[in-house]
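Observations on the model geometry
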Amino acid sequence: MKPLIFVDRRLPLDVLQYLEEHCTVKTWGKDEERNPEKILHYLQDVVGFFNSGSVKIDNKLLDAAPNLKVVSTMSVGYNHFDIEQLKQRKIIGTHTPYILDDTVADLVMGLMLSTARRITELDTYIKEGNWKGNEGKKLFGIDVHHRKLGIIGMGRIGEVIAKRATLGFDMEVMYYNRSRKPEVEAQLSLTYVSMDHLLEQSDFIVIMLPLTDESRNMIGKEQFAKMKNDAIFINASRGGTVIEQDLIDALQHGQIRGAGLDVFAQEPLSSDHPLLALSNVVLTPHIGSATEATRYDMAKLAARNLVHALQGKEDAHIIKELL
Ligand code: DGY
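Everything numeric in this text was worked out from a predicted model, so none of it was measured. (Residues numbered from 1 in each chain as written. Predicted model: local features only at pLDDT ≥ 70, side-chain atom pairs only at ≥ 80, totals over all residues. Heavy atoms only, no water.)

Before going further, it helps to spend a moment on the sheet that holds strand E6 (residues 148-152). The seven strands are arranged E8-E7-E6-E9-E10-E11-E12 in an open sheet whose pairing can be described as parallel. Each of the sheet's edge strands pairs with one partner strand only, and the pair in question is strand E8 (191-192) and strand E12 (281-283). Sheet topology note: the strand E10 (residues 232-235)/strand E11 (residues 258-261) ladder contains four bridges and is parallel. Across the sheet, residue Phe 233 finds its bridge partner in E11, namely Ala 259. Against the sheet, helix H5 (residues 101-116) engages E6, strand E9 (204-207), E10, E11 and E12, with an angle of about 150 degrees to E10. (Pairing = 2+ DSSP bridges. Helix = DSSP H or I, 4+ residues; strand = E, 2+ residues; numbered from the N terminus. Contact = heavy atoms within 4.5 Å. Axes fitted to C-alpha atoms, helices over the stretch in contact; angles between N-to-C directions.)

Written out as structure tokens, the structure reads:
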């Protein structure tokens, strides 16, 4: 008998067909309204759960899914997993590393460029009919090339950002990470520095860390105070690594020049959120991995992870804390 699974998002047809070859698939009805209580209902008899990446795997959900053996999230981040609970209940959690690194790194470069050169702000300026042709310095931004970039977190995505910055933009790249990466340093001419040095010296600061107890609220008032007044801060990893109110204060008081943000403490952002009123901020709605090709690859990998983990194969990308 095929294992019973629940899929909580629409999938490309071939990915759905692959799942159906190996599993009995339950999913949302065509026009069914999706809500967390209904997910609990769907999960009551399944052994596998294809998680779009946004459903919290907590006690409540796990209590409602007594047969659950594998949760496969279609995301590289898994801060929505209660790891201890998964461990205790011997449930496997898988995620989708590697395949989105370049796509996220592209967005980070886009946020840097857009914030530094004020691309979205000036796009609005033209569209609102303000371009008179005699603006002078009014439209000037700052350079990205040959400036100093500090990357907090040198995982795989950090590395591909560093590669773009050094090879493409001639930037001087420094990084701070829990552990040093001598090979990456040598390969990409990076300098390993203390957190304080990075904050004080960088023209652009990119935080690229998973959200953990250690990284939660890592950047706040004290860290913004150390940054240059001309610094641009970029976050495309997780909103919870930054104390958002402190970031807003720093932006409002000119403590830093600007920010490019793809992630937030609460998503989606409310329509009256103070960040929306700031012209020195470029915002995107958590689209780091959101290109058609990458999302397709992620769906395929998450499906394969789910099937392989259910079959007991060792090549599913099980999150490291559960290995
Ligand atoms: C991830 O995969 O973790 C990205 O943030 C997209 O959700």
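A word on the pattern of salt bridges. Going through the model one piece at a time under the given rule, you end up with 19 salt bridges. Between Lys 60 and Glu 37 there is a salt bridge, with the nearest N and O atoms lying 2.9 Å from each other. Taken together, the positions of Lys 60 in helix H3 (residues 59-63) and Glu 37 in helix H2 (residues 36-43) put the pair 23 residues apart, joining distant regions of the chain. The salt bridge involving Lys 320 is made with Glu 321; its shortest N-O contact spans 3.9 Å. For Lys 320, a relative accessible area of 62% puts it in the exposed group. On the basis of relative accessible area, Glu 321 is assigned to the partly exposed category, the value being 33%. Among the charged side chains, a salt-bridge network with shared partners connects Asp 102, Asp 106 and Arg 164. (Salt bridge = Lys/Arg side-chain N within 4 Å of Asp/Glu carboxyl O. Buried < 20%, exposed > 50% of the residue type's maximum accessible area, 1.4 Å probe, protein only.)

Attention shifts here to the pairing of strand E2 (residues 24-27). Strand direction decides the pairing type here: strand E1 (residues 4-7) and E2, joined by four bridges, are parallel. Paired with Phe 6 across the two strands is Lys 26, which belongs to E2. Note that the unit made of E1, helix H1 (residues 13-22) and E2 has a crossover that is right-handed. (Right-handed = clockwise from strand over helix to strand, strands pointing away.)

Before going further, it helps to spend a moment on the site of the ligand. As a structural note, the neighbourhood of the ligand is formed by Ser 75, Val 76, Gly 77, Leu 100, Arg 238, His 286, Ser 289 and Met 298. The backbone of Val 76 places a nitrogen or oxygen atom 2.7 Å from an oxygen atom of the ligand. Within the side chain of His 286, a nitrogen or oxygen atom sits 2.8 Å from an oxygen atom of the ligand. When the ligand sits alone it has 230 Å² of accessible area, and the protein chains cover 85% of it. Among the residues making up the shell around the ligand, the classes are represented as three nonpolar, four polar and one charged. (Near = heavy atom within 4 Å. Polar contact = N/O pair within 3.5 Å; in protein donor to acceptor, adjacent residues only side chain to side chain. Areas by Shrake-Rupley, 256 points an atom, 1.4 Å probe, with all protein chains shown as cover. Nonpolar A, V, L, I, M, F, W, Y, C, P; charged D, E, K, R; others polar.)

Looking now at the layout of surface pockets. Considered as a void within the structure, the second largest pocket measures approximately 220 Å³ in volume. Surrounding the second largest pocket, 14 residues form its lining, Pro 36, Ile 39, Val 55, Lys 56 and Leu 61 being those nearest its centre. Taken together, the elements giving at least two residues each to the lining of the second largest pocket come down to H2 and H3. Grouping the amino acids of the lining of the second largest pocket by side-chain chemistry returns six nonpolar, two polar and six charged. (1 Å grid on protein atoms, 1.4 Å probe; cavity = no way out; pocket = protein on both sides within 12 Å on 5 of 7 lines; lining within 4 Å. Points joined across faces, edges and corners; volume = space filled by probe spheres on them.)

With that settled, the discussion passes to helix H11 (residues 244-252). Within H11, the full set of buried residues consists of Glu 244, Asp 246, Leu 247, Ile 248, Ala 250 and Leu 251. Looking at the buried positions of H11, the neighbouring elements they touch are helix H10 (221-226), E10, E11 and E12. Two residues or fewer after H11 comes Gly 254, characterised by a positive phi angle close to 70 degrees.

So, on to the packing of aromatic side chains. For any pair of aromatic rings, geometry is given as the distance between the ring centres together with the angle between the planes. Under the defined criterion, the tally for this structure stands at seven aromatic pairs. Residues Phe 6 and Phe 49 carry aromatic rings whose centres are separated by 6.0 Å and whose planes lie at 20 degrees to one another, so their mutual orientation is stacked. Taken together, the residues Phe 6 in strand E1 and Phe 49 in strand E3 (residues 48-51) connect sequence positions 43 residues apart. Each member of the pair, Phe 6 as well as Phe 49, carries the same accessibility label: buried. Taking the centre distance of 6.4 Å and the plane angle of 35 degrees together, the rings of Tyr 78 and Phe 81 count as tilted. Take Tyr 78 and Phe 81: they sit in the same class, and that class is buried. Ring-pair connections join several aromatic residues into one group, and the members of that group are Phe 6, Trp 28, Tyr 42 and Phe 49. (Phe/Tyr/Trp six-rings, centres within 6.5 Å; stacked < 30°, edge-to-face > 60°.)

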